[in-house]
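Inside the fold
Chain by chain, the residues run as shown.
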Amino acid sequence: MSNRMWGGRFASGPAEIMEEINASIGFDKRLAPQDIRGSLAHVAMLGAAGILPAEDVAAIEAGLKSVRDEIEAGRFVFKRELEDIHMSVESRLTEIVGPAAGRLHTARSRNDQVATDMKLWVRDTLDSLDQQAADLQRALADTALKHAGTVMPGFTHLQSAQPVTFGHHCLAYVEMLARDRGRFRDARARLNECPLGAAALAGTSFPIDRHATAAALGFDRPTANSLDSVADRDFALESLAAASICAVHLSRFAEELVVWTSAQFNFVKLSDGYTTGSSIMPQKRNPDAAELVRAKSGRIIGALTGLLVVMKGLPLAYSKDMQEDKEGTFDALQALSLCLAAMTGMVKDLEPNADVLARAAGSGYATATDLADWLVRELGLPFRQAHHVTGRLVGAASAKGVGLEELSLPEMQEAEPRITDAVYAVLGVANSVASRTSYGGTAPDNVRAQAQSWIERLG
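Residues numbered from 1 in each chain as written. Predicted model: local features only at pLDDT ≥ 70, side-chain atom pairs only at ≥ 80, totals over all residues. Heavy atoms only, no water.

1. Topic: the pairing of strand E1 (residues 151-156)
- Sheet topology note: the E1/strand E2 (residues 159-165) ladder contains six bridges and is antiparallel. The partner of Met 152 across the bridge, within E2, is Val 164.
- Where E1 folds back on E2, the antiparallel hairpin that results is connected by two residues, among which His 157 adopts a positive phi of roughly 60°. (Pairing = 2+ DSSP bridges. Helix = DSSP H or I, 4+ residues; strand = E, 2+ residues; numbered from the N terminus.)

Right under this line is the structure:
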């Protein structure tokens, strides 16, 4: 039996294992909405250009809409022997409208068709991810405004460094997400050129209007080189790169939530809605949502790496290797969408333990830098000398097992005779954060202003 899709060149059907490795319908069926949108735009252009008669155009358009309705209603039967979504739609279209359906593929190839479908799907998904990232930004900005003055320890090397506020910490992730959204928008702008009409690799001899097709599908312009049109998967790679960076940001925050919700830290609480219990230890409250956000970054980064390896050795133009762009891209962007939703839920759900955070903020000699700055500002010491004096005072306090603020004035004056009791004003954590008024600093008034600005920008 000849292959009914490939025509007379093949005298028999594929081997069973060939069908198994070649079929993509199991995963590319999710491109059905984009495939039908592309076909509707293509057939409308063929009619307007006088390439197809009006009656065929009308029949094909009606048939495509019927196929779309069947898919949306869950009545469409996807068959593996039809290989992919393009052949599945065309086969069903033929059953509905008859021989006219065979004219739909005029002046196009599956090569430009699948590139167009994938661009449409990725573009739709980037728009959705951008909105989800904005929702997470809003949740973080709202939390930042609420906790603009809630003092917590700031860390470097996961060691207590200087006091900051919880709101300031939240705004750091707002900024990260702003860069993520910029990358999503940049990737979208670059991908917004339409491959349809490039055909297999060389263009077509039919008098098509690629600008009309591009406009109908919301692209800025048609792609300019037919070889590049079907060989390009930069749009998927760039989107996966943006997704990977975003996933890393979410993973870093998730790691903090895992640490912060532990009994040893007890910085924040998550409700039953975002934690799970143990099958054997009744006291446990596990931050599984955060842990899974952290873990899913691996599969997102893996999808980028996998597609880079697929593409790295392919000569122009299309190779079947490029079918491997779909599963990883679908999975990774869906995983990022789930992570953004989960993180937004956790941010809205979490409650900082303000008393615990305040106590932790003062531990580990976190106001040592404030003391050094005071020595520079009030006594005129060079910073390196002030750093040395402060180090001696930290050593003295550590030897006694007390905080810097608990050292007596005579004990401080042993390190620097000119120190006065005015120094104690800078040693409290509240005074420390209030003093950080430089642009972008953690002073509560700064945090409130930045949070309010983001809330207004995000709408």
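2. A look at the packing of helix H6 (residues 110-146) against helix H12 (residues 325-349)
- Contact pair H6 / H12: the axes reach a minimum separation of 9 Å and the direction vectors enclose 15°. Comparing their axes, H12 and H6 come out roughly parallel. Regarding H6 and H12, the two cross each other, and that crossing is left-handed. (Axes fitted to C-alpha atoms, helices over the stretch in contact; angles between N-to-C directions. Parallel < 35°, antiparallel > 145°, perpendicular 65-115°, else oblique. Left-handed = near helix turned anticlockwise from the far one by under 90°.)

3. Section: a nonpolar patch on the surface
- There is a patch of nonpolar side chains on the surface, built from Ile 17, Met 18 and Ile 21 and spanning about 340 Å² of accessible area.
- Mapped onto the elements, Met 18 comes out in helix H1 (residues 16-22).
- Judged by its relative accessible area of 37%, Met 18 is partly exposed. (Patch = residues over 30% accessible without salt bridge, like charges linked within 9 Å, V, L, I, M, F, W, Y side chains within 5 Å. Areas by Shrake-Rupley, 256 points an atom, 1.4 Å probe, with all protein chains shown as cover. Salt bridge = Lys/Arg side-chain N within 4 Å of Asp/Glu carboxyl O. Buried < 20%, exposed > 50% of the residue type's maximum accessible area, 1.4 Å probe, protein only.)

4. Brief notes about the pattern of salt bridges
- According to the stated counting rule, one finds 24 salt bridges in the structure shown.
- Between Arg 221 and Glu 193 there is a salt bridge, with the nearest N and O atoms lying 3.3 Å from each other. With a gap of 28 residues between them, Arg 221 in strand E4 (residues 221-222) and Glu 193 in strand E3 (residues 193-194) connect regions that are remote in the sequence.
- Residue Arg 221 is classed as partly exposed on the basis of its relative accessible area of 40%.

5. Section: helix H14 (residues 368-379)
- End to end, H14 covers 16 Å across 12 residues, agreeing with the expected 16 Å (1.5 Å per residue, within 8%).
- Looking only at H14, the buried set comprises Ala 368, Asp 370, Leu 371, Ala 372, Trp 374, Leu 375 and Leu 379.
- For H14, the elements touching its buried residues are helix H15 (383-400) and helix H17 (429-435).
- Looking at the residues trailing H14, positive phi occurs at Gly 380, about 75°. (Expected span 1.5 Å × (residues − 1). Contact = heavy atoms within 4.5 Å.)

6. Some words on the environment of Val 89
- Along the chain, Val 89 falls in helix H5 (residues 85-97).
- When its relative accessible area of 2% is taken as the criterion, Val 89 is described as buried.

7. Focus: helix H11 (residues 288-311)
- In this model H11 runs 35 Å from its N-terminal to its C-terminal C-alpha over 24 residues, within 8% of the 34 Å that 1.5 Å per residue would give.
- Along H11, the residues that are buried comprise Ala 289, Ala 290, Val 293, Ser 297, Ile 300, Ala 303, Leu 304, Leu 307 and Met 311.
- Buried positions along H11 lie against helix H9 (226-231), helix H10 (234-260) and H12.

8. Points about the nonpolar core
- Judged by nonpolar contacts, the single largest core of 93 residues is most densely connected at Leu 140, Leu 250, Leu 257, Trp 260, Leu 336, Leu 340 and Met 343.
- If near-sequence neighbours (up to four positions away) are discounted, Leu 340 is found in contact with Leu 129, Gln 132, Ala 133, Leu 136, Leu 177, Cys 246 and Leu 250.
- Counting residues in each nonpolar core, the second largest holds 20 residues, with Leu 371, Ala 372, Ala 397 and Leu 427 among its members. (Core = buried A, V, L, I, M, F, W, Y, C linked by side-chain atoms within 4.5 Å.)

9. A look at the packing of aromatic side chains
- All chains considered together, the criterion is met by seven aromatic pairs.
- When the centroid spacing of 5.9 Å and the interplanar angle of 50° are considered together, the rings of Phe 166 and Trp 260 count as tilted. Taken as a pair, Phe 166 in helix H7 (residues 166-191) and Trp 260 in helix H10 lie far apart in primary sequence, 94 residues in all.
- A relative accessible area of 4% places Trp 260 in the buried class.
- Between Tyr 173 and Phe 253, the aromatic rings sit 4.4 Å apart at their centres with planes inclined by 20°, giving stacked as the arrangement. (Phe/Tyr/Trp six-rings, centres within 6.5 Å; stacked < 30°, edge-to-face > 60°.)

10. Let's talk about the packing of H14 against H15
- Look at H14 against H15: their axes get within 8 Å of each other, and the N-to-C directions meet at 135°. Considered as vectors, H14 and H15 are oriented oblique to each other. As H14 packs across H15, the resulting crossing turns out to be right-handed. Across from Ala 368, Leu 371, Ala 372, Asp 373, Leu 375 and Val 376 in H14, the residues of H15 making contact are Phe 383, Ala 386, Val 389, Thr 390, Leu 393 and Val 394.
- When its residues are assigned to classes, the contact of H14 with H15 shows 10 nonpolar, one polar and one charged. (Nonpolar A, V, L, I, M, F, W, Y, C, P; charged D, E, K, R; others polar.)

11. Quick notes on the state of the cysteines
- For the structure on display, the rule yields zero disulfides.
- Free of any disulfide, Cys 170 has its nearest neighbouring cysteine sulfur in Cys 246, separated by 16 Å.
- For Cys 170, a relative accessible area of 4% puts it in the buried group. (Disulfide = S-S within 2.5 Å.)

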